[in-house]
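# Breakdown of the fold
Single-letter residue listing:
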Amino acid sequence: MTVTSARRLITAASLTLALFTIPLSASPASAFPSAPNAIQVGSQPAGIAVDPGTGTAYVTNSTDNTVSVVTGGKVTDTITVGDIPQGIAVDPGTHTVYVANSYGNSVSVLNGNKVTATIPVGKNPLGIVVDPKTHSVYVSNFDSSSVSVISGTTVTNTIKVGRGPSSLAVDTGNDTVIVANVTSNTLSVINSGNVVRTIPSEWSPHSIAVDPGTHKIYVVSSDAGVDAGLSIIDGNGDTQVISLPGRPQGVAVDPATHTVFVANNMSNQVWVLNDGIVTGYLGVDWDPWNVVIDPESHTLYTTNPGAGVISMIEGNLTMAGPAFTAMTPPNSASIGTTYSYTFAATAQPPAKFKISSGSLPPGLTLDSTTGVLSGIPSDEGQHEFQVTASNLVGPDAVTSGLTIKVLPKTLAKDFNGDALTDVLARDASGLLWLYPGNGQGGWLSAVHVGTGWSGMSAITSVLDFNGDRNMDVMARDSAGSLWLYPGNGKAGWLAPIKIGSGWNVMSELTSPGDFNGDTFTDLLARDTAGSLWLYPGNGKAGWLAPIKIGTGWNVMSELTSPGDFNGDTFTDLLARDTAGSLWLYPGNGKGGWLAPIKIGTGWNVMSELTSPGDFNGDTFTDLLARDTAGSLWLYPGNGKAGWLAPIKIGTGWNVMSQLN
């Protein structure tokens, strides 16, 4: 039987644990510690208890009929006790140790590492706990279906409970003792010497622990022991059952942090749970059964009967204050565009997050549990704030000052002012056509918006290059002059403006939007030598000094910028190489790249690629591709640098010499 009893630090109470039905076969002859945190003890270690005042651990060795005394990570004494010792408990006030001898039907009392008394109890005593307030000892007698109450060295009461009592735990917060009855599948609640309540349990409850601060009861149940459930029972009797794959055995609670620890006999781990969720795993030696935690040092111990050892995990691994591992959210956002960033911190128990100073932009919220900062900004402006991660251990971790600047609503490639993404196409005769998007991945009727465009050797759509919030077009003529056609927001143009000459040295032009994070629309240009240049826009139809941002780009047969394709809020670039592979170059928001990602192969069957932005209205950036047969395909982006299934949205597009 496994018995645990967790108490708050302020009560300096003992922690107790006994074994649930450990096989009494001999340990393998080669059973030596296989983990660095293992301590060799006697044969078939069963129960374990810790004296929080001294840090001493006591281990019952069930086939040796001994108790190992462990101090400072070493066995310092071995004490002979009764026949087949199982459960063990310590009175933290008197430092007296009590041992349940299952075959001897007795309890051995240890003082000063000597047996000073042997007390007869019921048949097959397995579990044992001490109430630190009253110094009363409670012993579960499996075959007698009773609990013996010991005061000093005398049995003062025998309480009938359910069938097959095994594990016990003391709730010092309300002066009750809870008994797990394996055979009757119940929990008996004892108060003032009587059973005051019987709680139905899952099948075969064999290990129990109580959090005296929350009064929650934790019970491991399963007759086979495989894929068992951990039941969490609150003070109202409401039960939550968590499935734990493997072979969970002992359970313990740290009363200071409310963290729950479950020994998993199959995976050779201790599972760590907080708020009913598995938050971590601690590796121990093989065959872990019982688990106990020292409430003072937070050092955790397991018994490992098959290995003949106990495993010891120092308190700095079972509890730790928070330390941020992710705390640099993007510093810009746009009205109407989803923003998301996850703050992360190492901590045990897990940290809670909060805004500790300043304020978030309206529309954004911080999830205190997950650390996810998300939402859709609703107002322009700059907001400064700090985020704090905290837990019961401390100290708090605090970010440096953070800033998010909310920009005006991100412009769509919208030429006609209906707020839906559009496409421009030039046909072989030089006519320029506007295909107004319907916001659902399709078109309205095409509109003729220009003639004589066959004289342009390159055309690219530009998201507001002159600062008037309307969609523009850049076009290079055969003489190498670069022209800006300012959109009027009504599917037409203002007078074109010549903004450069000598652009025939460039073999490719594309506008990614704001590529360097200054809020102004930029241009990317590849020269005939294969160098890629960033021309930072000044927001007034002009440039800042160009910056070379790459070389060797002649291996790319086509470039297009879809805006933010991977969901990190930064503008990205798509490039197809001569082998037909499609690459995503994720922008870093500062005029550079993160590592490129291959996102497709076989794209040589496409004669034209362009990204209109969000074409189907799902808020994610999409791609349009025309194949060599003239079919036009929509590749809906999933917001995570990938695609949904492509959709054919048109045929006969070979009559168009360029798409934008």
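Here the structure is a predicted model, which means the values were calculated and not measured.

### Examining the overall build of the chain
- Scanning the chain for helices and strands turns up 1 helix and 59 strands.
- Scaling as 2.2 N^0.38, a compact globule of 660 residues should have a C-alpha radius of gyration of about 26 Å, whereas the chain reaches 36 Å, well beyond that.
- Projected onto its principal axes, the C-alpha positions of the chain cover 110 × 50 × 40 Å.
- In the chain, which comprises 660 residues, the proportion classed as buried is 56%.

### Brief notes about the layout of surface pockets
- Size it by volume and the second largest pocket reaches roughly 470 Å³.
- The wall of the second largest pocket is formed by 23 residues, among which N274, D275, P349, P350 and K352 lie closest to the centre.
- Every element with two or more residues in the lining of the second largest pocket is listed here: β25 (269-274) and β26 (277-283).
- Split into classes, the residues belonging to the lining of the second largest pocket amount to 9 nonpolar, 10 polar and 4 charged.

### Some thoughts on unusual backbone geometry
- Between Q348 and P349 the backbone carries a cis peptide bond, its omega angle lying at 0°.
- Here the residue pair G394 and P395 is connected by a cis peptide bond, since its omega of -5° sits within 30 degrees of zero.
- If you trace the backbone, P395 turns up in the loop between β37 (381-390) and β38 (397-398).
- The backbone of S192 shows a phi angle near 55°, a positive value even though the residue is not glycine.
- On the basis of relative accessibility, which here comes to 68%, the residue S192 falls in the exposed class.
- Its identity is not glycine, yet T619 carries a phi of approximately 80°, on the positive side.
- For T619, the location among the structural elements is in the loop between β55 (606-613) and β56 (622-627).
- T619 gets classed as exposed once you look at its relative accessible area, which sits at 58%.

### Focus on the side chain of R626
- Relative to the helices and strands, R626 resides in strand β56.
- Under the relative-accessibility criterion, R626 is labelled buried at 6%.
- In this structure the side chain of R626 is engaged in a polar contact, spanning 2.4 Å, whose partner is the backbone oxygen of M656.
- In contact with R626, other than residues within four places in its own chain, are V605, M606, S607, E608, S631, L632, W653, N654, M656, S657 and L659.

### Digging into the sheet that holds strand β45 (residues 482-485)
- Pairing is antiparallel in the open sheet, where 4 strands are placed in the order β43-β44-β45-β46. Among the strands making up the open sheet, the edge pair consists of β43 (456-462) and β46 (497-500). In this sheet, adjacent strand axes meet at a mean angle of 30° when their direction is disregarded.
- Where β45 and β46 come together, 3 bridges link them in antiparallel fashion.

### Let's talk about the packing of aromatic side chains
- Within this structure, the stated rule accounts for 24 aromatic pairs.
- Judged by centre distance (4.7 Å) and plane angle (45°), the ring pair of Y435 and W653 falls under tilted. Taken together, the residues Y435 in strand β41 (residues 432-435) and W653 in the loop between β58 (647-650) and β59 (656-659) connect sequence positions 218 residues apart.
- Relative accessible area serves as the criterion here: at 16%, Y435 is assigned to the buried category.
- Given a relative accessible area of 7%, W653 falls into the buried group.
- Following the ring pairs from residue to residue traces out a cluster consisting of F324, Y341, F343 and F353.

### Thoughts on the environment of G375
- Along the chain, G375 falls in strand β36 (residues 372-375).
- Along the primary structure G375 and I119 are separated by 256 residues, whereas in three dimensions their C-alpha atoms are 66 Å apart.
- In this structure, G375 is in contact with T337, T338, Y339, G363 and L364, ignoring residues within four places of it in sequence.

### A word on the sheet that holds strand β35 (residues 364-366)
- Strand order in the open sheet formed by 3 strands is β32-β36-β35, with antiparallel pairing between adjacent strands. Taken across any chain shown, the strands that pair with only one partner, and hence form the sheet edges, are β32 (339-342) and β35. The sheet shows a mean angle of 10° between the axes of neighbouring strands, taken without regard to direction.
- Strand direction decides the pairing type here: β32 and β36, joined by 4 bridges, are antiparallel. Looking at the pairing, T342 lines up with V372 of β36.

Cut-offs applied
- Residues numbered from 1 in each chain as written.
- Predicted model: local features only at pLDDT ≥ 70, side-chain atom pairs only at ≥ 80, totals over all residues.
- Heavy atoms only, no water.
- Helix = DSSP H or I, 4+ residues; strand = E, 2+ residues; numbered from the N terminus.
- Rg over C-alpha atoms; globule rule 2.2 N^0.38 Å.
- Buried < 20%, exposed > 50% of the residue type's maximum accessible area, 1.4 Å probe, protein only.
- 1 Å grid on protein atoms, 1.4 Å probe; cavity = no way out; pocket = protein on both sides within 12 Å on 5 of 7 lines; lining within 4 Å.
- Points joined across faces, edges and corners; volume = space filled by probe spheres on them.
- Nonpolar A, V, L, I, M, F, W, Y, C, P; charged D, E, K, R; others polar.
- Polar contact = N/O pair within 3.5 Å; in protein donor to acceptor, adjacent residues only side chain to side chain.
- Contact = heavy atoms within 4.5 Å.
- Pairing = 2+ DSSP bridges.
- Axes fitted to C-alpha atoms, helices over the stretch in contact; angles between N-to-C directions.
- Phe/Tyr/Trp six-rings, centres within 6.5 Å; stacked < 30°, edge-to-face > 60°.

These results come straight from atomic positions and should not be treated as a statement about function.
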